[in-house]
There are 2 protein chains.
Amino acid sequence: MRECDFSIGRFEDIAIVGLGVIGGSIGGALMQKGFENVWGIDIDQGIIDTGVKRGLVSGGSTEAGEIIPKADLVIICLYPHDTVEFIKSHMDIFKKGAVITDVSGIKEGLIDQIESIMRSDLEFVGGHPMAGSESQGVNHAYSSMFEGANYIITPCKSNTKRAIMKVEALAGQIGCTNITRLSPGEHDRAIAFTSHMPHIVALALMSMGSPECLKDFMGTSFKDATRVAQINSRLWGELFMENKENVAHQIQKMQESMEVIKQAIINSDESELEKIMDTASARRGEIC
Amino acid sequence: MRECDFSIGRFEDIAIVGLGVIGGSIGGALMQKGFENVWGIDIDQGIIDTGVKRGLVSGGSTEAGEIIPKADLVIICLYPHDTVEFIKSHMDIFKKGAVITDVSGIKEGLIDQIESIMRSDLEFVGGHPMAGSESQGVNHAYSSMFEGANYIITPCKSNTKRAIMKVEALAGQIGCTNITRLSPGEHDRAIAFTSHMPHIVALALMSMGSPECLKDFMGTSFKDATRVAQINSRLWGELFMENKENVAHQIQKMQESMEVIKQAIINSDESELEKIMDTASARRGEIC
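Per an unreviewed UniProt entry, chain A carries the name Prephenate dehydrogenase TyrA and comes from Peptoclostridium litorale DSM 5388. Of the comments in the UniProt record for chain A, the one headed Sequence similarities (unreviewed entry) reads "Belongs to the prephenate/arogenate dehydrogenase family." Per UniProt, the comment on chain A under Pathway (unreviewed entry) is "Amino-acid biosynthesis."

Laid out in structure tokens, this is it:
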């Protein structure tokens, strides 16, 4: 079998379920790459109309039944619980051989649920594009969102090479340059640190009771550290709850990490403080 | 006396002591505004040459004695301890009536030391432009660094209206749009939160022992939260140590703020978590 058999054909039918900022941006990226059958499914016809007008999808419907039965690739861009619900309630109408993927920020519990109900002639391969926006909705979608971003794919034992490589092809087509595979459990442990912790930190900072006129006294470092405090509380409530052990463990580690710095400052331990800063600085230099 | 008497004359001699990324950027902004006598002082002639070549200063010298005696306005862009040392060791040669200011991120201890040695025919007015760069040196200076930034001025009792307004005029000329006055002590308390805490958070995150291949699993939120972990450890060591009580207090508050979130997650208290997120989100929306 040739390598290119695993890619996504230009005329394949691709369904995007949920035309929010992520779904819309994926659609836009695919449309820009010349895919001709990118179909949006959303509960709101106005959102589909906007998606078509903005060139994010070829067309769409509020009726999943009009699109799902023909789709070779289904990209579900809903909240985690809704992702499971959508797959469950449309199980009978997916096209034989279709590959289904998602964009959810948690994986293990979600995939366990999906695997337990999946038809044997379909495959679900979890995916997590590591980019996003603190703004919501189709109006904030843009086709370059994933340019150069990381994309984690979380195959499970039942996945075939064909299905995994199809989702990898999707990641590449939307612009991701760093596509890696992790088990669902490894994904959730890694993400508790790299994604959930920056959000916890931003929330904690904004919860601290700002000094009078915070607006007047902050600089770029505060703005950057708190950008993601403008959060979608329904989505992030689900993500935190579904990953609670890992997130709680990371918060504990972060508190301990801050304690080491606090003690160095209180004890005027300048060499310890310098070591912490030089190590952090070198690490940060390595990752970007 | 007319209001404009407090401003900075186009032909006044302005000295910038230390042509680093901050000093160079201030010089560049003043040059762009048409000031004709902006003089750099640095220990390295090569840096002065670069500053002149890049249009950041009109000229300069490695000998402070060639510039300080003629300067009407002296902007000291050195590390906090060096700022005090520079003023101390050049006290005899400042021009009568000169206004001296700085850009240091801590104020109370610094200003106490400076005030105690200041000649009666000079004035020191503390200033803190709230912008910067994680990159160091004259090559990273750029004239638009302070466009739209905050600038805190920390007058003390002995300062005249003339001197304070001169430093305010400087802040406005380099592009700051939000210029406020605080006492040195109020400044240090506010900054422990708005500036020192984002740096502590970035350091703590980068100290946590990154999971394997952090590079592959992070998104924009992690990058933004850790940008300032690439830190100038000598400068920040001084800032943390000079503001240790306030910084330690803020770290404690941050640990407690994270504890509240951790408990809500552990206890699956979804309504508490939602309240925290919605409050943080609304506050963040207000300040930017």
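Undergrad: Can you break down the overall build of chain A residue by residue, with the values?
TA: Helix and strand counts for chain A come out as 11 helices and eight strands. Computed over the C-alpha atoms, the radius of gyration of chain A is 21 Å, within 12% of the 19 Å expected from 2.2 N^0.38 for a compact globule of 288 residues. Across its three principal axes, chain A shows a C-alpha extent of roughly 65 × 40 × 30 Å. Of all 288 residues assigned to chain A, the portion counted as buried reaches 57%. Pairs at least 24 residues apart make up 72% of the contacts formed inside chain A by residues separated by at least 6 positions. Total accessible area on chain A is roughly 11,400 Å²; 48% of this is exposed by carbon and sulfur atoms.

Undergrad: Which residues make up the nonpolar core, and what values do they have?
TA: Membership of the largest hydrophobic core comes to 70 residues, with the highest contact counts inside it found for Met 254 and Met 258 of chain A together with Met 254 and Met 258 of chain B. Leaving out residues up to four positions away in the same chain, Met 258 of chain A has contacts with Met 197, Ile 200, Val 201, Ala 204, Ile 251, Met 254, Gln 255 and Met 258 of chain B.

Undergrad: Before we move on, could you go through the relation of the copies chain A and chain B and cite the residues and values that matter?
TA: When chain A is fitted to chain B, the best match, at an RMSD of 0.1 Å, comes from turning it 180 degrees and sliding it 0.0 Å along the axis. Such a combination of turn and shift is consistent with a two-fold rotation axis. Closest approach to the rotation axis within chain A is made by the C-alpha atom of Ala 225 of chain A, at a distance of 2.2 Å. Interface overlap between copies: 100% of the residues of chain A at the interface are likewise at the interface in chain B, consistent with a symmetric, same-surface contact.

Undergrad: Hey, could you go over the environment of Met 91 of chain A for me, with residue numbers and the actual values?
TA: Residue and element names in this part refer to chain A. Along the chain, Met 91 turns up in the loop between α3 (80-89) and β5 (99-102). Among the residues examined, Met 91 registers a relative accessible area of 9% and is labelled buried. Each C-alpha atom of the pair Met 91 and Ile 16 lies 16 Å from the other, and the pair is 75 residues apart in sequence.

Undergrad: Explain the interface of chain A and chain B residue by residue, including any values.
TA: Buried accessible area, meaning the area lost when the parts come together, often serves as the stated size of an interface. Facing the 81 residues of chain A at the interface are 81 residues of chain B. Interface area for chain A against chain B, summed over the two sides, is near 7,800 Å², with a carbon-plus-sulfur share of 66%. In this assembly, chain A and chain B are joined by two salt bridges. Arg 227 of chain B is the salt-bridge partner of Asp 224 of chain A, the closest N and O atoms lying 2.7 Å from each other. Counting across the interface, chain A meets chain B through 37 residue pairs in polar contact (both at pLDDT 80 or more).

Undergrad: Let's hear about the sheet that holds strand β4 (residues 73-76) of chain A: which residues, and what values?
TA: Residues and elements named next belong to chain A. With mixed pairing, the eight strands of this open sheet are ordered in space as β3-β2-β1-β4-β5-β6-β7-β8. Either end of the sheet is taken by a strand with one partner, and the two such strands are β3 (59-61) and β8 (178-181). Each neighbouring strand pair of the sheet contributes to a mean axis angle of 25 degrees, computed without reference to strand direction. Note that β5 and strand β6 (residues 123-129) share three bridges and pair parallel. Paired with Val 99 across the bridge in β6 is Glu 123. Strands β6 and β7 (150-154) of the sheet are contacted by helix α6 (residues 184-206), whose axis makes an angle of about 145 degrees with β7.

Undergrad: Describe the packing of helix α6 (residues 184-206) of chain B against helix α10 (residues 244-266) of chain B, with residues and values.
TA: All names here are of chain B. Put simply, α6 and α10 touch, their axes get as near as 9 Å, and they point 60 degrees apart. One way to sum up the angle between α6 and α10 is to call them oblique. The element α6 and its partner α10 pack so that their crossing is right-handed. Taken together, the residues of α10 that come into contact with α6 (itself represented by Asp 188, Arg 189, Ala 192, Phe 193, His 196, Met 197, Ile 200 and Val 201) are Asn 246, Val 247, Gln 250, Ile 251 and Met 254. The residue makeup of the contact of α6 with α10, split by class, is eight nonpolar, three polar and two charged.

Undergrad: Quick one: what's the story with the confidence of the model for chain A, residue by residue and with numbers?
TA: Residues shown with low pLDDT carry predicted positions that ought not to be read at fine detail. Predicted confidence across chain A gives a mean pLDDT of 94, with 97% of residues reaching 70 or more. For this predicted complex, the interface score ipTM comes out at 0.89, while the overall pTM is 0.89.

Undergrad: Explain α3 of chain A to me, and be specific about the residues and the numbers.
TA: Residues and elements named next belong to chain A. Looking only at α3, the buried set comprises Pro 80, Thr 83, Val 84, Phe 86 and Ile 87. Taken around the axis of α3, the buried residues stretch over an arc of 160 degrees, which confines them to a single face. Buried residues belonging to α3 abut β1 (14-17), β4, β5, α4 (108-117), β6 and α9 (233-242).

Undergrad: Describe helix α2 (residues 45-53) of chain A, and please don't skip the residues or the numbers.
TA: Backbone nitrogen of Gly 46 of chain A and a side-chain oxygen of the N-cap are separated by 2.7 Å at the start of α2 of chain A; the cap is Asp 44 of chain A. The positive-phi residue at the C-terminal boundary of α2 of chain A is Gly 55 of chain A, with phi of around 75 degrees.

Undergrad: Give me the pattern of salt bridges: which residues, what numbers.
TA: Considering all chains together, one arrives at 22 salt bridges over all chains under this definition. For Lys 107 of chain B, the salt bridge goes to Asp 102 of chain B, with nearest N and O atoms at 2.9 Å. By relative accessible area, which is 0% here, Lys 107 of chain B ends up buried. Classification of Asp 102 of chain B by relative accessible area gives buried; the value is 0%. Here the residues in one salt-bridge network are Asp 82, Arg 234 and Glu 238 of chain A, joined through shared partners.

What counts, and where the lines are drawn
Along each chain, the written sequence defines residue order, and numbers are assigned to residues from 1. Note on labels: chains are lettered from A, ligands numbered from 1, in written order. Two thresholds apply to this predicted model, a pLDDT of at least 70 for residue-level local features and 80 or more for giving and counting side-chain atom pairs, whereas whole-chain, interface and lining totals are computed over all residues. Heavy atoms throughout the structure, all of them, feed into the side-chain values; hydrogens and water do not. UniProt positions are given in the numbering used here, feature names are shortened, and annotations may be inferred rather than shown by experiment. Going along the chain from the N terminus, every DSSP run of H or I of four or more residues is numbered as a helix, and every run of E of two or more is numbered as a strand. All radius of gyration figures rest on C-alpha atoms, and the globule criterion is 2.2 Å times the number of residues raised to 0.38. For every residue, the accessible area (1.4 Å probe, protein chains only) is compared with the maximum for its type, and the residue is labelled buried under 20%, exposed over 50%, or partly exposed between those bounds. Residue contacts are counted whenever heavy atoms from the two residues lie within 4.5 Å of one another. Where accessible areas are quoted, they stem from the Shrake-Rupley method and a 1.4 Å probe; at the residue level, only the protein chains shown are allowed to cover. Residues enter a nonpolar core if they are buried and are Ala, Val, Leu, Ile, Met, Phe, Trp, Tyr or Cys, with the set joined through side-chain atoms within 4.5 Å. Copies overlap after least-squares fitting; the atoms used are the C-alpha atoms of residues with pLDDT of at least 70 in both. The term buried area refers to how much accessible surface (probe radius 1.4 Å) is lost by two components on association, counted for both of them together. Note on definitions: salt bridges are taken to be side-chain nitrogens of Lys or Arg within 4 Å of carboxyl oxygens of Asp or Glu. Residues adjacent in sequence count toward polar contacts only when both atoms are side-chain atoms; beyond that, a polar contact is any pair of N or O atoms within 3.5 Å, and within protein one must be able to donate a hydrogen and the other to accept it. Two strands are counted as paired when DSSP detects at least two bridges linking them. Comment: axis = line fitted to C-alpha atoms, over the contacting stretch for helices; angle = value between 0 and 180 degrees taken between N-to-C directions. Relative orientations are named as follows: roughly parallel for angles under 35 degrees, roughly antiparallel for angles over 145 degrees, roughly perpendicular for angles from 65 to 115 degrees, and oblique for any other angle. Note: crossing handedness is left-handed where the near helix turns anticlockwise from the far helix by less than a right angle, and right-handed where it turns clockwise. For this classification, the nonpolar set comprises Ala, Val, Leu, Ile, Met, Phe, Trp, Tyr, Cys and Pro, the charged set comprises Asp, Glu, Lys and Arg, and every other residue, Gly included, is treated as polar. Scored between 0 and 100, pLDDT is the confidence that the predictor attaches to each residue. Regarding the arc, it is the one traced by the directions from the helix axis to the C-beta atoms.

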